[in-house]
Structures are given as C-alpha cells and as structure tokens.
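# Topology and contacts: notes
Listed below, chain by chain, are the residues.
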Amino acid sequence: MDREMLREHIFALENSLLQPEVRKSAEKIAGLLADDFIEFCSSGKVYKYERGDFFADGTNIDALKWEIEDFSVDLIANDIILAKYKVIKYSELEENKKYSLRSSIWKCTNSEWKMIFHQGTLTKQRYYRSNG
C-alpha cells in the first residue's frame, strides 16, 4: 500500500471511531482497538481498554459531530503508523465547540490495523488554528 493510500485508510479508521454507530458497539470497537490499547484522555485520565468496552458513556453521542482537520501520518516502521490531526467536536449548540490536538499509534498485525495508543489534548481555538 502506498503512503497516500495508507493515509486514507488510517484516516477512515480514525473517522470511524468518531461515529455513533461504532462508539456504541463493543464489537466494532474491538475491531479497531488492540487488546493492550491505552489512551491519555484530554481530561487527564488514563484509559486502558478492556474487551467489551464501548464509548456510549451516557453522553448523547448521536447529537455530537466531529470534524477531523490537518490529518497526516508518519511511518514509524513498516507495521507502525503515527497519525496526527486536529478535531473540532460540535454539540447541539454552536458555542459548545471543543478543539483538540490528537495523535494515535496504529499497528498492523495479521494484515489488520489496530490502534494501540491515543492522546487527545484540548486546546483553545486560537492555538488550534495556528500553523506552528
């Protein structure tokens, strides 16, 4: 797979993790996250995945919309990708937008890409929009 196809594939996987039908399905989440997945959450908490977890935590995730911008990937090794991007999280009210910088590490095992690490860092819009 060439670099652009790989970027598009990882982008599609990242984007799927933001979709309500995936976030509410333990089976779909298990297809995307490695068994040893860990996340440094934007809240400061550390989340360790356990098979059977899903991301419908009582939040009305159907009312949320996520937009990925400035998506890029770095090939760390033949089977390891670092994804870097920005996210705008919209709620029902326009003034409730949240901005974050994101990074994920994906590993390919048995021809299947799974996320092994993710970090989200909340930021203010003025920093989010900067190119530096």
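Let us look at the structure shown here. All values reported here derive from a predicted model rather than from experimental measurement. (Residues numbered from 1 in each chain as written. Predicted model: local features only at pLDDT ≥ 70, side-chain atom pairs only at ≥ 80, totals over all residues. Heavy atoms only, no water.)

The terminal C-alpha atoms of helix α1 (residues 3–16) lie 20 Å apart, and with 14 residues this matches the ideal 20 Å at 1.5 Å per residue to within 8%. The elements touched by buried residues of α1 are α2 (20–23), β3 (65–77), β4 (80–90), β5 (98–109) and β6 (112–123). Regarding α1, its N-cap is D2, as a side-chain oxygen of that residue lies 3.3 Å from the backbone nitrogen of E4 further along. (Helix = DSSP H or I, 4+ residues; strand = E, 2+ residues; numbered from the N terminus. Expected span 1.5 Å × (residues − 1). Contact = heavy atoms within 4.5 Å. Polar contact = N/O pair within 3.5 Å; in protein donor to acceptor, adjacent residues only side chain to side chain.)

Turning next to unusual backbone geometry. The backbone of D70 sits at a positive phi, close to 50°, despite the residue not being glycine. Topologically, D70 is positioned in strand β3. The exposed category is assigned to D70, whose relative accessible area is 54%. (Buried < 20%, exposed > 50% of the residue type's maximum accessible area, 1.4 Å probe, protein only.)

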